[in-house]
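# A structural walkthrough
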Amino acid sequence: MANLLWLQGGACSGNTMSFLNAEEPSACDLVTDFGVNVLWHPSLGMELGDNLKKLLNSLTSGEMALDIFVFEGTVVNAPNGTGEWNRFAGRPMKDWVADLAKVAAYTVAIGDCATWGGIPATAPNPSDSEGLQFLKRKHGGFLGADYKSKAGLPVINVPGCPAHPDWITQIVVAVATGRGGDLSLDEFQRPKTFFTSFTQTGCTRNMHFAYKVSATEFGQRKGCLFYDLGCRGPMTHSPCNRILWNRQSSKTRAGMPCMGCTEPEFPFFELMPGTVFKTQTVMGVPKDMPTGVDKAGYIKLTAAAKAASPAWAEDDIFVV
Amino acid sequence: MASDNGAVLKAIADMLGNGLETQVEPFPETNKEFSDILLQLRQLDPKDLKAKLVVGGFLDHPYGPEKQRCLECMYYLVHRKWCDLPELAVPVEPEWWCRLWRI
């Protein structure tokens, strides 16, 4: 059995909702098939008050082993570094996080808020929020850049707003079944198995991207969402079009631009008016190019793609 | 429909060929400036072709040192020879340009 504790800091519970909707494996499968013992979770935990405090103290003292410490939400430091704005079980949550991270075999940050601060840490960051080991792109965060869990790994970051249900449960299973050491993490400590390819990988609009045909309104079935509607699919690392949402679809498949929620800068441009769902350009050229593409190459590619585009690329081939 | 587009295309070509002065400058450098032009276009009578051309800053030739033209613009549909930007939605020639050009 692997003891798992899930706590919530500055959060909307979106990742809890996501976790409870997991299918492969499901939250129940974790318990019945993979030997995960959920000690406590904000939506599932039975203990309250003194009993909960007793449980937490038995973990921090080492009396009970903490195999997997999952944290959702930001670490709230306000006011004045005390963390008093987010109290839990009799003390600031940040103090529990500090103590529990020391005794955890693995520490897993779920969702953007726990990984890099997410929306709460967006300027002016009134709650003085940060992620467990990052604040946006800056390495460090609440636990510090040198933090390693008892198993010798840094915080395992599973970002997303929310993270996909199956990213969460699959990582928990990997850790609970002793395969945590096999996890390969990228520079932002995201499991490479999920975060090496792009959101665009597997997008049904790729042919419209290739032939430079733009969607001009939400929900249109034809056209790529990158050119005008601010889609960040070509430069966002996620498997959203490989591991589908609800096993059915994805934002881009449904005509909704990717907002880049698995990247540390999310929400981009600090949500300044006019920046959401609008491709940012400089003299008509996108500010953010698809990863690995430069401006000159992009312009050449566009000219060639337009010149070569077939007539069907301009039709709504999904409606007959 | 195709002949209608042909007639509109010819009407636009004639206006531009006859020296219609359009608002080529300022080019919208920011999204805010771009949106402001779109707002102006939305307030026009959709049938007022001349006003669309003026506010859009149309030219019947490529523009600037990089020779920007409709052909590379993301709103241009090559086979229909059509500008698909909803606020414009007019037939255009590939060698033309307007200040709502984006790539």
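Report on the accompanying structure. This one's a predicted model, so the numbers in the text were calculated from it and none came from an experiment.

## Quick look at the overall build of chain A
From N to C terminus, chain A includes 9 helices and 13 strands. Over its C-alpha atoms chain A spans a radius of gyration of 21 Å, differing by no more than 12% from the 20 Å that the globule rule assigns to 320 residues. Dimensions of chain A, computed from C-alpha atoms along their principal axes, come out at roughly 70 × 45 × 30 Å. Burial analysis of chain A (320 residues in total) assigns 55% to the buried set. By sequence separation, contacts in chain A at least 24 residues apart represent 69% of the contacts at least 6 residues apart.

## Some thoughts on the pairing of strand 3 (residues 66-72) of chain A
For a regular strand, side chains alternate in direction, first toward one face of the sheet and then toward the other. Residue and element names in this part refer to chain A. In terms of residue burial, strand 3 counts as a mostly covered element, since 6 of its 7 residues are buried. In terms of strand pairing, strand 1 (residues 2-8) meets strand 3 through 5 bridges, oriented parallel. The residue bridging Leu 4 from the neighbouring strand is Ile 68, located in strand 3. When strand 3 meets strand 7 (residues 104-110), the two strands line up parallel, connected through 6 bridges. Residue pairing for strand 7: Ile 68 is matched across the bridge by Tyr 106.

## Points about the interface of chain B and chain A
Counting from both sides, the interface comprises 21 residues of chain B and, opposite them, 28 residues of chain A. Of the roughly 2,100 Å² buried where chain B meets chain A, counting both sides, 54% is carbon and sulfur surface. By the criterion of area lost to chain A, the three top residues of chain B are Asn 31, Met 74 and Ile 103 of chain B, representing 31% of everything that side buries. In this assembly, chain B and chain A are joined by 2 salt bridges. In this structure, Lys 222 of chain A and Asp 84 of chain B form a salt bridge, with 3.5 Å as the shortest nitrogen-oxygen distance.

## Digging into the sheet that holds strand 2 (residues 36-40) of chain A
Residue and element names in this part refer to chain A. If you walk across this open sheet you meet the 5 strands as 2-1-3-7-11, and the pairing is parallel. Strands at the two margins of the open sheet, each flanked by one partner only, are strand 2 and strand 11 (156-158). Across the sheet, the axes of successive neighbouring strands diverge by a mean angle of 25°, strand direction being ignored. The sheet strands contacting helix 3 (residues 49-60) are strand 1, strand 2 and strand 3, and the helix crosses strand 2 at an angle near 125°. Its contacts with the sheet put helix 6 (residues 165-176) on strand 1, strand 2, strand 3, strand 7 and strand 11, and the angle it makes with strand 11 is roughly 160°.

## Overview of helix 3 (residues 49-56) of chain B
Residue and element names in this part refer to chain B. The element helix 3 is extensively covered by neighbouring structure, given that 6 of its 8 residues are classed as buried. Those residues of helix 3 that sit buried are Leu 49, Ala 51, Lys 52, Leu 53, Val 55 and Gly 56. One or two steps after helix 3, the chain reaches Gly 57, where phi turns positive at roughly 70°.

## Focus on the nonpolar core
Phe 226 of chain A together with Phe 58, Leu 88, Val 90, Val 92 and Leu 100 of chain B are the most contacted members of the largest nonpolar core, which totals 45 residues. When contributions to this core are tallied by element, the ones reaching two or more residues are helix 1 (2-17), helix 2 (31-42) and helix 3 of chain B. Top contributing element to this core by residue count: helix 2 of chain B, with 4 residues. In contact with Leu 88 of chain B, other than residues within four places in its own chain, are Leu 41, Lys 52, Phe 58, Cys 83, Cys 98 and Leu 100 of chain B.

## Examining the packing of aromatic side chains
All names here are of chain A. With the rule as written, the count across this model stands at 19 aromatic pairs over all chains. With 5.2 Å between their ring centres and 80° between their planes, Trp 167 and Phe 195 make a pair best called edge-to-face. Here Phe 195 lies in helix 7 (residues 192-195) and Trp 167 lies in helix 6, a separation of 28 residues in the sequence. When its relative accessible area of 0% is taken as the criterion, Trp 167 is described as buried. What makes Phe 195 buried here is its relative accessible area of 2%. Centre to centre, the rings of Tyr 211 and Trp 312 are 5.8 Å apart; their planes meet at 85°, and the pair counts as edge-to-face. Placement of Tyr 211 in the loop between helix 8 (206-210) and strand 12 (281-282) and of Trp 312 in the segment after helix 9 (295-308) is noted, with a sequence separation of 101 residues between them. Ring-pair connections join several aromatic residues into one group, and the members of that group are Trp 167, Phe 194, Phe 195 and Trp 245.

Definitions and cut-offs
Residues numbered from 1 in each chain as written. Chains lettered and ligands numbered in written order. Predicted model: local features only at pLDDT ≥ 70, side-chain atom pairs only at ≥ 80, totals over all residues. Heavy atoms only, no water. Helix = DSSP H or I, 4+ residues; strand = E, 2+ residues; numbered from the N terminus. Rg over C-alpha atoms; globule rule 2.2 N^0.38 Å. Buried < 20%, exposed > 50% of the residue type's maximum accessible area, 1.4 Å probe, protein only. Contact = heavy atoms within 4.5 Å. Pairing = 2+ DSSP bridges. Buried area = accessible area lost by both parts, 1.4 Å probe. Salt bridge = Lys/Arg side-chain N within 4 Å of Asp/Glu carboxyl O. Axes fitted to C-alpha atoms, helices over the stretch in contact; angles between N-to-C directions. Core = buried A, V, L, I, M, F, W, Y, C linked by side-chain atoms within 4.5 Å. Phe/Tyr/Trp six-rings, centres within 6.5 Å; stacked < 30°, edge-to-face > 60°.

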